[in-house]
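Structural overview
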Amino acid sequence: MIANQKTLKVCIIGYPVSHSLSPLLHNYWLKKYKISGEYVSSEVKPDEIEAHLLNLPKHGFIGANITIPHKRAAIKVCSEISDTARKVGAVNTLITAPGGKLIGDNTDPYGFIKNLKKAYKKWNPRQTKALVLGAGGASRSVCYGLLKEGVREIYILNRNRTNAENLKTDINDSLIVKSWKDRNLLLNCATLVVNTTSLGMTGMQDLKISLENLSEKAIVYDIVYTPLNTSFLDAARQRGNLTINGLGMFLYQAAKSFSLWFGIEPDVDERAKQIVLERGI
Ligand code: ATR
């Protein structure tokens, strides 16, 4: 246990939040690394969020994860915000600083990229032409992560084109917006295809796309992890593409948040994966 045995409190705040697997995962890591800490969940309504966050330090929390629907609202309460959170336009991790100040960060881009690099060690960002499906919050993290790694050609395709244009304005002018209905054709230029839409998630329709024009050498990445195997990934695997699901992105973003609070980046080991698989899928 750490020196003074004081329990370091962290929480996840969302609305709803009961489905979150973060408490199980972080409490596993706290135990594994013998840190005297506790990770709890808190359901907070949107009209109470700002006051609640501002009071976190007073209530003894050293940090928090922020989830749907509060990721944007959390920006407003921060005294300091990382470049990543500012660009992505969302905070998923809060760290309390001396004097009760709140620092906002976003570990989703890190989680996305780390998972990609773990799955494909030879990945070369400079030779990547990425086709990103979707323009919501998750897409912002994915695009930012890819840009930071040095990917120069990123195509965004979204059902609502205005949302894609807004993402381009907010994140980087080099992003190329194309029409959602041209997705099958545009696959012919991609070396990496990422689904960031909610299509394929449990309870949603499948992503409808024909992979006919896609090179068999392209990487196919679905950030969905419930279920682990979407029809999009299945189709890609059957034709020989390397596929990556969203489980690792979830685990690595969590590991990064943990390191921001406790100073240790925990190992994404088999037990950590099992915790999510047993309870979440
Ligand atoms: P997240 O934070 O997980 O990214 P989000 O911000 O609600 O969630 O974004 C959901 C994404 O899935 C959006 O890109 C959305 O497209 P629109 O901007 O056109 O709404 C996409 N999406 C959701 N349902 C869809 C559907 N039936 N067909 C195509 N895209 C869909």
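Everything below is about the structure shown above.
Since this is a predicted model, take the numbers as computed values, not measurements. (Residues numbered from 1 in each chain as written. Predicted model: local features only at pLDDT ≥ 70, side-chain atom pairs only at ≥ 80, totals over all residues. Heavy atoms only, no water.)

**Re helix H6 (residues 137-149)**
Taking 1.5 Å of rise per residue, the 13 residues of H6 would be expected to cover 18 Å, and the 19 Å separating its terminal C-alpha atoms lies within 8% of that figure. Buried within H6 we find Ser139, Arg140, Ser141, Val142, Cys143, Tyr144, Gly145 and Leu146. Two residues or fewer after H6 comes glycine 150, characterised by a positive phi angle close to 105°. (Helix = DSSP H or I, 4+ residues; strand = E, 2+ residues; numbered from the N terminus. Expected span 1.5 Å × (residues − 1). Buried < 20%, exposed > 50% of the residue type's maximum accessible area, 1.4 Å probe, protein only.)

**Some details on the site of the ligand**
Around the ligand, the surrounding shell holds 13 residues, and the nearest of these are Ala135, Ala138, Asn158, Arg159 and Asn163. Backbone polar atom of glycine 137 to an oxygen atom of the ligand: 3.1 Å apart, as the coordinates give it. Between an oxygen atom of the ligand and a side-chain N or O atom of asparagine 163, the distance comes to 2.7 Å. In isolation the ligand offers 650 Å² of accessible surface; the protein chains occlude 67% of this area. Its residues assigned to classes, the shell around the ligand shows 4 nonpolar, 8 polar and 1 charged. (Near = heavy atom within 4 Å. Polar contact = N/O pair within 3.5 Å; in protein donor to acceptor, adjacent residues only side chain to side chain. Areas by Shrake-Rupley, 256 points an atom, 1.4 Å probe, with all protein chains shown as cover. Nonpolar A, V, L, I, M, F, W, Y, C, P; charged D, E, K, R; others polar.)

**So, the packing of H6 against helix H7 (residues 161-171)**
One way to put it is that H6 packs onto H7 with a least axis distance of 11 Å and a crossing angle of 45°. Relative to H7, H6 is oriented oblique. When the axes of H6 and H7 are compared, the crossing they make is right-handed. From H6, Ser139, Arg140, Cys143, Tyr144 and Leu147 reach across to H7, where they touch Asn166, Leu167, Asp170 and Ile171. Of the residues assigned to the contact of H6 with H7, the class counts are 5 nonpolar, 2 polar and 2 charged. (Axes fitted to C-alpha atoms, helices over the stretch in contact; angles between N-to-C directions. Parallel < 35°, antiparallel > 145°, perpendicular 65-115°, else oblique. Left-handed = near helix turned anticlockwise from the far one by under 90°. Contact = heavy atoms within 4.5 Å.)

**Considerations on the pairing of strand E1 (residues 8-14)**
Of all the 7 residues making up E1, 6 are buried; the element is thus mostly covered by neighbouring parts of the structure. Pairing of E1 with strand E2 (residues 37-43), which is carried by 7 bridges, proceeds in the parallel orientation. Within the sheet, the bridge partner assigned to cysteine 11 lies in E2 and is valine 40. For the segment spanning E1, helix H1 (residues 22-32) and E2, crossover handedness is right-handed. (Pairing = 2+ DSSP bridges. Right-handed = clockwise from strand over helix to strand, strands pointing away.)

**Considerations on the pattern of salt bridges**
Once the charged atoms of two side chains with opposite charge are near each other, the side chains can pair. If you walk through the whole model with that rule in mind, you get 12 salt bridges. Linking aspartate 173 and lysine 168 is a salt bridge whose minimum nitrogen-to-oxygen distance equals 4.0 Å. (Salt bridge = Lys/Arg side-chain N within 4 Å of Asp/Glu carboxyl O.)

**Considering the environment of arginine 239**
With respect to the helices, strands and loops of the structure, arginine 239 is situated in the loop between helix H9 (231-238) and strand E12 (242-244). Each C-alpha atom, one on arginine 239 and one on leucine 214, is 9.8 Å from the other, the two residues being 25 residues apart in sequence.

**With respect to the packing of helix H5 (residues 108-119) against helix H10 (residues 247-262)**
Between H5 and H10, whose axes approach to 7 Å, the crossing angle comes to 125°. By the angle between their axes, H5 is oblique relative to H10. Crossing angle aside, the handedness with which H5 passes H10 is right-handed. Contact residues: H5 offers Asp108, Tyr110, Gly111, Phe112, Lys114, Asn115 and Lys118, while H10 offers Gly248, Met249, Tyr252, Gln253 and Lys256. By residue class, the composition of the contact of H5 with H10 is 4 nonpolar, 4 polar and 4 charged.

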